[in-house]
Amino acid sequence: MPNLRFTEQPLSEWMSQGGKESDIVISTRVRIARNLIHHPFPMLATNQQSEEVLGLLREVLTDERLQQYGMLHPVLLADLEELDKKILVEKHLISPNLAGESRKGAVFISEDESLSIMVNEEDHLRIQCLYPGFQVQEAWDKATEIDDIFEDHVDYAFDGNRGFLTSCPTNVGTGLRASVMMHLPALVLTQQINRILSAVSQVGLTVRGIYGEGSEAMGNLFQISNQITLGQSETEIIENLYGVVLQIIEHEKNARERLLSESRLRMIDRVMRSYGILSHAAIMDSKEAAQRLSDVRLGVDIGLIDDVPAGVLNELNVMTQPGFLQKLFGENLSPGERDMYRAKLIREKVGK
Amino acid sequence: MQCQECGKRPATLHFTKIVNGEKTEFHICEACAREKGEMIPGTTGGFSIHNLLSGLMDFHPGIQGHPSAAKQNENIRCEECGLTYSQFSKIGRFGCSSCYKYFNDRLDPLFKRVHGNTVHVGKVPKRAGSHIQVQRKLDDLRRELQYRIVQEEFEEAAALRDQIRELEKNIPAE
């Protein structure tokens, strides 16, 4: 089994570094979608055509300019167990779509897992750069550099009017999706979140749960990304997202301060109560875990708790997902057993 | 509220799309949503963007269920990969890069609704788009030339004119 290391550590190396505004912005992700001009898109490609695409893209890995990003490991989806695919999804290294539907799907993952290049997903090529904290510009700069290297080797499907041609009409043009994962507990507590989220959707941005389309916002984590890919330049898209996220950060900070000054005792109670439950509970479902971890994270960020490192919380966000729990404690866990092991895991990490 | 699709059952699925301040609302019932292959929110997989999209492509209020409209969509076909427009509007995805060419006449309204725009203004690839880059550069230079002339800065204008001539030599005759 190749490169299992990617599914053994819950926390990617890139996440351990922290980043700008990391008390509110957990991570930043930029992905660009590209297709090769002479092959049908993956949905209609024959196995042989998909194999060819994979071959062509894999050859690009020999370009020495790519070495600055760390060794890229090619992983074929066909070589992976279902559980490992699930974990790669939970770590955001591949999309649920690549894990579930792709034929001849593959992913090239960099040593520190900050770069993942998906092949034969909905599009032939999806370059994805991950950064800790709030680093949209940095992530875009890296993604576009890597894009240029690929373009030197393969012929992209590009049209003067429509831009980069993609399988789904929602990606055409720049093929760019920039997203930022934010922890917004104070805006949720003060019930300002809906107002802010609906404002966000009016400026061409969209809000999703942390595992993409259709997923629920758990643990006060929200993923904000651009919706429009056609008719705006990459710079506009990045600046637009940057500006809006900056404002949301400001609102969240204000809300946190107000909560601390106006209802300090209730905040302390809420945060410490969750801290206590995480340290001692014997059964913990995923929803409660997400909510309690969010409370404790807030407690750490506003200085009410000082003995839980933020890294542990990031780690637990991944470790308490079903795939990773199965990896740690066995594949055939019943939901009841899962809740028991989840509680045990959290106790060991958070409790003393 | 009645379902926009069948007009019989009450609409239980509502979605609103706002692009550049332009609001579009859709109201359909579960049965019609299911018939169109769309998932219902709350079930596994959720209500994916493709489902929303195929909604956008198929909804032409007024001519819904009109047989000739459906027939027309059958007849528009990508000669490269064989996908018909009606298949495209059902799946919400193109089959190959040539689909953009064969479906071109119908794409402006769709892109307008999804993105609020129809023309790409971003990055141009170095190789595949080299002539487009030259073209954009030329447009910029010509605009600047106009400006310099109006400002009566003839020395700069002359330099720009030479630059434009030089670039024009590199454009392959089409």
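If you're wondering where the values come from, they're calculated on a predicted model, not measured in any experiment.

**A look at the overall build of chain B**
Here is step 1 of the chain: Within chain B one finds eight helices and two strands.
Here is step 2 of the chain: What you see in chain B, going N to C, is helices and strands ordered as β-β-α-α-α-α-α-α-α-α.
Here is step 3 of the chain: Long-range pairs, those at least 24 residues apart, make up 36% of the contacts in chain B between residues at least 6 apart in sequence.
Here is step 4 of the chain: In the form shown here, chain B has an accessible surface area of approximately 10400 Å², with 50% of it arising from carbon and sulfur atoms.

**Notes on the interface of chain B and chain A**
Here is step 1 of the chain: Facing the 39 residues of chain B at the interface are 46 residues of chain A.
Here is step 2 of the chain: Together chain B and chain A conceal approximately 3600 Å² of surface at their shared face, both sides included; 58% is due to carbon and sulfur atoms.
Here is step 3 of the chain: When the area that chain B buries against chain A is broken down by residue, the three leading residues are B:His115, B:His120 and B:Lys123, summing to 20%.
Here is step 4 of the chain: Where chain B meets chain A, there are five salt bridges.
Here is step 5 of the chain: With a shortest N-O distance of 3.0 Å, A:Asp148 and B:Lys123 are connected by a salt bridge.
Here is step 6 of the chain: Broken down by secondary-structure element, the contributors of at least two residues to the side of chain B that touches chain A are strand E1 (13-19), helix H2 (49-58), helix H4 (85-91) and helix H6 (104-115) of chain B.
Here is step 7 of the chain: Sorting elements by how many residues they give to the side of chain B that touches chain A places H6(B) first, with seven residues.

**Quick notes on the sheet that holds strand E3 (residues 106-110) of chain A**
Residues and elements named next belong to chain A.
Here is step 1 of the chain: Sheet architecture is open: eight strands sit in the order E2-E3-E4-E5-E1-E8-E10-E9, paired in antiparallel fashion. Each having just a single partner strand, strand E2 (72-76) and strand E9 (205-208) make up the two edges of the open sheet. Shown here is a sheet whose adjacent strand axes are inclined to one another by a mean of 20°, direction ignored.
Here is step 2 of the chain: Each of strand E1 (25-34), strand E8 (176-183), E9 and strand E10 (221-226) is contacted by helix H8 (residues 234-262), which is oriented at about 10° to E8, the strand it contacts most.

**Thoughts on the packing of aromatic side chains**
Here is step 1 of the chain: Taken as a whole, this structure holds ten aromatic pairs over all chains when the rule is applied.
Here is step 2 of the chain: Aromatic rings pair up to connect B:Tyr85, B:Phe88, B:Phe94, B:Tyr100, B:Phe103 and B:Phe111 into one cluster.

**Some words on helix H12 (residues 322-329) of chain A**
Structural remark: α-helix, 3.6 residues per turn; residues separated by three or four positions point the same way.
All names here are of chain A.
Here is step 1 of the chain: Of all the residues in H12, the buried ones are Gly323, Phe324, Leu325 and Gln326.
Here is step 2 of the chain: Buried-residue contacts for H12 involve helix H1 (5-8), helix H3 (82-90), helix H11 (310-319) and helix H13 (335-350).
Here is step 3 of the chain: Backbone geometry just downstream of H12 places Gly330 in the positive-phi region, at approximately 110°.

**Some thoughts on the pattern of salt bridges**
Here is step 1 of the chain: Evaluation of the coordinates by the stated rule reveals 31 salt bridges over all chains.
Here is step 2 of the chain: The salt bridge partner of A:Glu122 is A:Arg126, with a shortest N-O separation of 3.5 Å.
Here is step 3 of the chain: Taking relative accessible area as the criterion, A:Glu122 reaches 9% and is therefore assigned buried.
Here is step 4 of the chain: Since its relative accessible area comes to 8%, A:Arg126 is described here as buried.
Here is step 5 of the chain: Among the charged side chains, a salt-bridge network with shared partners connects A:Glu121, A:Glu122, A:Asp123, A:Arg126 and B:Arg93.

**Comments concerning the nonpolar core**
Considering soluble globular proteins, one finds that nonpolar side chains tend to be buried as a cluster.
Here is step 1 of the chain: The biggest cluster of nonpolar side chains holds 88 residues, and the ones touching the most others in it are A:Leu57, A:Ile117, A:Ile146, A:Phe150, A:Met182 and A:Ile248.
Here is step 2 of the chain: For this core, the element with the most residues is H8(A), which contributes ten residues.

**Considering the packing of helix H10 (residues 286-301) of chain A against H11(A)**
All names here are of chain A.
Here is step 1 of the chain: At a minimum axis distance of 10 Å, the contact between H10 and H11 shows a crossing angle of 165°. Relative to H11, H10 is oriented roughly antiparallel. Two packed elements cross with a definite hand, and for H10 against H11 that hand is left-handed. Taken together, the residues of H11 that come into contact with H10 (itself represented by Leu293, Val296, Arg297 and Val300) are Leu313, Asn314, Leu316 and Asn317.
Here is step 2 of the chain: Partitioned by chemical class, the residues of the contact of H10 with H11 number five nonpolar, two polar and one charged.

**Some thoughts on the confidence of the model for chain B**
Residues and elements named next belong to chain B.
Here is step 1 of the chain: Confidence along chain B averages 75 in pLDDT terms, with 65% of residues attaining 70 or more.
Here is step 2 of the chain: When pLDDT is averaged over each helix and strand of chain B, the minimum, 59, is found for H2 and the maximum, 95, for helix H5 (residues 99-102).
Here is step 3 of the chain: Scored below 50 in pLDDT, residues 59-65 shows ten contacts in the model against residues more than four places distant or in partner chains.

**What to know about the packing of H11(A) against H13(A)**
Residue and element names in this part refer to chain A.
Here is step 1 of the chain: As a packed pair, H11 and H13 sit with axes 11 Å apart at the nearest point and diverge in direction by 170°. The angle between the axes of H11 and H13 places the two elements in the roughly antiparallel class. Every residue of H13 that contacts H11 at Val312, Glu315, Leu316 and Met319 is listed here: Leu345, Ile346, Lys349 and Val350.
Here is step 2 of the chain: The residue inventory of the contact of H11 with H13, partitioned by class, reads six nonpolar, no polar and two charged.

**Structural notes on the side chain of A:Thr7**
Residue and element names in this part refer to chain A.
Here is step 1 of the chain: Considering the arrangement of structural elements, one finds Thr7 in helix H1.
Here is step 2 of the chain: In terms of polar contacts, Thr7 uses its side chain to reach the side chain of Asp84, at 3.1 Å.
Here is step 3 of the chain: Other than its neighbours up to four places away in sequence, Thr7 contacts Asp84, Ile87, Leu88, Phe324 and Lys327.

**Observations concerning helix H8 (residues 154-169) of chain B**
All names here are of chain B.
Here is step 1 of the chain: With 16 residues, H8 should reach 22 Å at 1.5 Å per residue; the first-to-last C-alpha distance of 23 Å fits that figure.
Here is step 2 of the chain: Taken together, the buried positions of H8 are occupied by Ala157, Leu160, Ile164 and Leu167. Burial along H8 is one-sided: seen end-on, the buried residues are contained in an arc of 85°. Of the exposed residues in H8, the ones pointing more than 90 degrees away from its buried face are Phe154, Glu155, Arg165 and Lys169.
Here is step 3 of the chain: Against the buried residues of H8 lie helix H7 (130-150).

**A closer look at the pairing of E1(A)**
Residues and elements named next belong to chain A.
Here is step 1 of the chain: Counting buried positions over the ten residues of E1 gives ten, a clear majority of the element.
Here is step 2 of the chain: When E1 meets E8, the two strands line up antiparallel, connected through seven bridges. Along E8, the bridge assignment pairs Arg31 with Arg177.

**What about the side chain of A:His124?**
Residues and elements named next belong to chain A.
Here is step 1 of the chain: Along the chain, His124 turns up in the loop between strand E4 (115-119) and strand E5 (125-132).
Here is step 2 of the chain: Looking at His124, its side chain comes within polar contact range of the main-chain oxygen of Pro40, at 2.8 Å.
Here is step 3 of the chain: Beyond its immediate chain neighbours, meaning those up to four positions away, His124 contacts Arg34, Asn35, Leu36, His39, Pro40, Phe41, Pro42, Val53, Leu57, Met118 and Val119.

What counts and what doesn't
Residues numbered from 1 in each chain as written. Chains lettered and ligands numbered in written order. Predicted model: local features only at pLDDT ≥ 70, side-chain atom pairs only at ≥ 80, totals over all residues. Heavy atoms only, no water. Helix = DSSP H or I, 4+ residues; strand = E, 2+ residues; numbered from the N terminus. Contact = heavy atoms within 4.5 Å. Areas by Shrake-Rupley, 256 points an atom, 1.4 Å probe, with all protein chains shown as cover. Buried area = accessible area lost by both parts, 1.4 Å probe. Salt bridge = Lys/Arg side-chain N within 4 Å of Asp/Glu carboxyl O. Pairing = 2+ DSSP bridges. Axes fitted to C-alpha atoms, helices over the stretch in contact; angles between N-to-C directions. Phe/Tyr/Trp six-rings, centres within 6.5 Å; stacked < 30°, edge-to-face > 60°. Buried < 20%, exposed > 50% of the residue type's maximum accessible area, 1.4 Å probe, protein only. Core = buried A, V, L, I, M, F, W, Y, C linked by side-chain atoms within 4.5 Å. Parallel < 35°, antiparallel > 145°, perpendicular 65-115°, else oblique. Left-handed = near helix turned anticlockwise from the far one by under 90°. Nonpolar A, V, L, I, M, F, W, Y, C, P; charged D, E, K, R; others polar. pLDDT = per-residue confidence, 0-100. Polar contact = N/O pair within 3.5 Å; in protein donor to acceptor, adjacent residues only side chain to side chain. Expected span 1.5 Å × (residues − 1). Arc of directions from axis to C-beta.

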